[in-house]
Amino acid sequence: MSFDALELTTTHTDDTSSSSDRRQEPRIALALEGRIHLDPRNSLPCTVHDVSEHGIGISHDPRTGLLGSGTRLGVRCGDRIVLSFRLPGPERLRVRAGARVRRVWCHGGIVEMGLELKQVNPQVLAALAQSSRDCDPGSTTQRTRCMSPQDLEVQLRRVAADTFPKIADRLETAAHSGDMSASGTFFRALVQIEADKDQIAENFVARARRRLMPDLDDTAPRDKPLPLRFDQSALAAAFVGACQFREEDHRVQQVVEELVSAAGFRYLAPPLAAASL
């Protein structure tokens, strides 16, 4: 089984995030062995050392050698490559992602590269976040994110505001896809969500804050930081619950869960320690 990241587009005319915005996205610190595939016959060993929703940082040590007859490290900015690595955990699921090289530089004899992707599969991000939650809670290397209840509500509203237009776009596209058996379901769900956005957002915030902040006490000061337990599945479930979908809306629910998970990573993901992997 493998998770494939979405193909990278050559322009960003359909994306409001600038390159500088993306460099500020939450990043997961890693230390995973991977491979850069230059073409079907040649590949390089590398280390994946950070991942965000739209970017991956890797390093290559030229002393480890190259595979393939006559292979040279001729990677330049703008080149397209394929990166592969395995997720932490017992199943060791493999990830393959097509990406474009945006930065190449050398430090201490090591080649560093910044790779850009349209979007990393949310399931991959969730698996990496899970490895952080599974880390020994007594370990001094684990970094736990804390946030005040009022700041959490602000971020949850941002997740909702970020997700609603993407839901509308995806559902409208699906409703006009030509699949008559599903068009009615997608269109009805689209109308329902658009009409109830404000109430859905309020219900989502109320549901999600309890799931992500189990130590929350309504009598405590709202500006006092508390441990935040980031869980993309719980976040998506809170949003789906707020939408009050019908039983036959399972395909709509899958779309919503994917989009909420991606937005949740952007605004709420905690940092990970390399030692936890």
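Attention in this report is confined to the structure presented alongside it.

Criteria and cut-off values
Residues numbered from 1 in each chain as written. Predicted model: local features only at pLDDT ≥ 70, side-chain atom pairs only at ≥ 80, totals over all residues. Heavy atoms only, no water. Axes fitted to C-alpha atoms, helices over the stretch in contact; angles between N-to-C directions. Helix = DSSP H or I, 4+ residues; strand = E, 2+ residues; numbered from the N terminus. Parallel < 35°, antiparallel > 145°, perpendicular 65-115°, else oblique. Left-handed = near helix turned anticlockwise from the far one by under 90°. Contact = heavy atoms within 4.5 Å. Nonpolar A, V, L, I, M, F, W, Y, C, P; charged D, E, K, R; others polar. Core = buried A, V, L, I, M, F, W, Y, C linked by side-chain atoms within 4.5 Å. Buried < 20%, exposed > 50% of the residue type's maximum accessible area, 1.4 Å probe, protein only. Salt bridge = Lys/Arg side-chain N within 4 Å of Asp/Glu carboxyl O.

## Brief notes about the packing of helix α6 (residues 232-243) against helix α7 (residues 250-268)
The N-to-C vectors of α6 and α7 enclose an angle of 125 degrees; their axes lie 8 Å apart at closest approach. Classified by the interaxial angle, the pair formed by α6 and α7 is oblique. Here the hand of the crossing between α6 and α7 comes out right-handed. In this structure, α6 uses Gln-232, Leu-235, Ala-236, Phe-239 and Val-240 to contact α7, whose residues at the interface are Gln-253, Val-256, Glu-257, Val-260, Ser-261, Ala-262, Gly-264, Phe-265 and Leu-268. For the contact of α6 with α7, the per-class residue count stands at nine nonpolar, four polar and one charged.

## Looking at the nonpolar core
Judged by nonpolar contacts, the single largest core of 67 residues is most densely connected at Ile-58, Leu-156, Leu-171, Phe-204, Leu-235, Phe-239 and Leu-268. A total of ten residues in this core trace back to one element, the largest contributor, which is helix α3 (residues 149-175).

## A short note on the pattern of salt bridges
Within this structure, the stated rule accounts for nine salt bridges. Of the charged contacts, one joins Arg-209 and Glu-153 as a salt bridge, the two residues approaching to 2.5 Å between their closest N and O atoms. In this pair, Arg-209 sits in helix α5 (residues 197-212) while Glu-153 sits in helix α3, placing the two residues 56 residues apart along the sequence. Since its relative accessible area comes to 26%, Arg-209 is described here as partly exposed. Residue classification places Glu-153 among the buried residues on the basis of a relative accessible area of 11%. For Lys-197, the salt bridge is made with Glu-194, and the minimal N-O distance between the two is 4.0 Å. A relative accessible area of 30% places Lys-197 in the partly exposed class. On the basis of relative accessibility, which here comes to 36%, the residue Glu-194 falls in the partly exposed class. The network of salt bridges with common partners includes Glu-153, Arg-209 and Arg-222.

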